[in-house]
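Summary of structural features
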Amino acid sequence: MVISALLYSIFIALTGIERLIEVRVSNRNAAWSFSQGGIERGKGHYPFMVVLHTGFLIAAVAEVWLLDRSFSVVTGSLWFAIALICQGLRWWCINTLGQRWNTRVILVPNLPRITGGPYKYLSHPNYVIVALEGLALPLTHNAYFTAVAFTILNAGLMWVRIRCEEAALQELCAPQTGEE
């Protein structure tokens, strides 16, 4: 148990480092957006999102250690693989949006909505990935309380976030020409 919990803790710590890299990219992209006349929407829900996502990583590790969660090779390996796939998909979203991607809702007026990459298939693919990752990361080591709590809290947050983002896209994006 101790070795698997330690390895899991390292995995979650590496995930946390990856998130800090995302924040750095996000801040750089937000500065670019603002320099291009970007407008921010949804400032009120953003602090909750930061707390939820930070607390999620801490809770997953805490649950494994404090509740002595065991590691199942079969299910743990499956969830671990899904978590790794989510990382690749997350970066596909980030790369597709390029300088326009950030963790906040900041849009440069009159730019067309991006409809390539994963956005060709879903309006908000990153949120689907976050939801799947919200299961995969904790379930890698049977932290099912964390998986359930995050899923419920994240669903509420995503309800607010997607409504905010859709309204901003509707208001600020250039109309689609149908040719993309």
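In case you missed it, the structure is sitting above this.
Basis of the calculations
- Residues numbered from 1 in each chain as written.
- Predicted model: local features only at pLDDT ≥ 70, side-chain atom pairs only at ≥ 80, totals over all residues.
- Heavy atoms only, no water.
- Core = buried A, V, L, I, M, F, W, Y, C linked by side-chain atoms within 4.5 Å.
- Buried < 20%, exposed > 50% of the residue type's maximum accessible area, 1.4 Å probe, protein only.
- Helix = DSSP H or I, 4+ residues; strand = E, 2+ residues; numbered from the N terminus.
- Contact = heavy atoms within 4.5 Å.
- Expected span 1.5 Å × (residues − 1).
- Disulfide = S-S within 2.5 Å.
- Phe/Tyr/Trp six-rings, centres within 6.5 Å; stacked < 30°, edge-to-face > 60°.
- Lys NZ or Arg CZ within 6 Å of the ring centre and 35° of its normal.
- Salt bridge = Lys/Arg side-chain N within 4 Å of Asp/Glu carboxyl O.

**A word on the nonpolar core**
Judged by nonpolar contacts, the single largest core of 20 residues is most densely connected at Y8, F11, I12 and L137. The element best represented in this core is helix α2 (residues 46–66), accounting for 7 residues. Ignoring any residue separated from it by four or fewer positions in sequence, one finds F11 in contact with F80, A83, L84 and L137. Core analysis: the second largest hydrophobic core is formed by 9 residues, I94, W101, I114 and Y119 among them.

**Quick notes on helix α5 (residues 144–172)**
Between its first and last C-alpha, α5 extends 40 Å over 29 residues, near the 42 Å set by a 1.5 Å rise per residue. Regarding α5, the residues found buried are T146, A147, F150, N154, L157, M158, R161, C164, E165, A168, L169 and L172.

**Examining the state of the cysteines**
Evaluated as defined, the whole model comprises 0 disulfides. Note on C86: no disulfide assigned, nearest cysteine sulfur contributed by C93 at a separation of 10 Å.

**Points about the packing of aromatic side chains**
By the definition in use, this model includes 3 aromatic pairs. Aromatic pair Y144 and F145: ring centres 5.2 Å apart, planes at 70°, arrangement edge-to-face. Its relative accessible area of 40% is what places Y144 among the partly exposed residues. Just above the ring of Y144 sits the side chain of R69; from NZ or CZ to the centre is 4.1 Å. Seen from the ring of F145, R69 lies directly overhead, with NZ or CZ sitting 5.0 Å from the centre.

**Some points on the pattern of salt bridges**
Following the criterion strictly, the structure yields 9 salt bridges and no others. In this structure, R113 and E166 form a salt bridge, with 2.7 Å as the shortest nitrogen-oxygen distance. Here E166 lies in helix α5 and R113 lies in the loop between β2 (105–107) and α4 (125–139), a separation of 53 residues in the sequence. On the basis of relative accessibility, which here comes to 21%, the residue R113 falls in the partly exposed class.

**Structural notes on the side chain of R161**
For R161, the location among the structural elements is in helix α5. Those residues in contact with R161 that lie beyond four places of it in its chain are H45, Y46, M49, N102, T103, R104, V105 and Y127.

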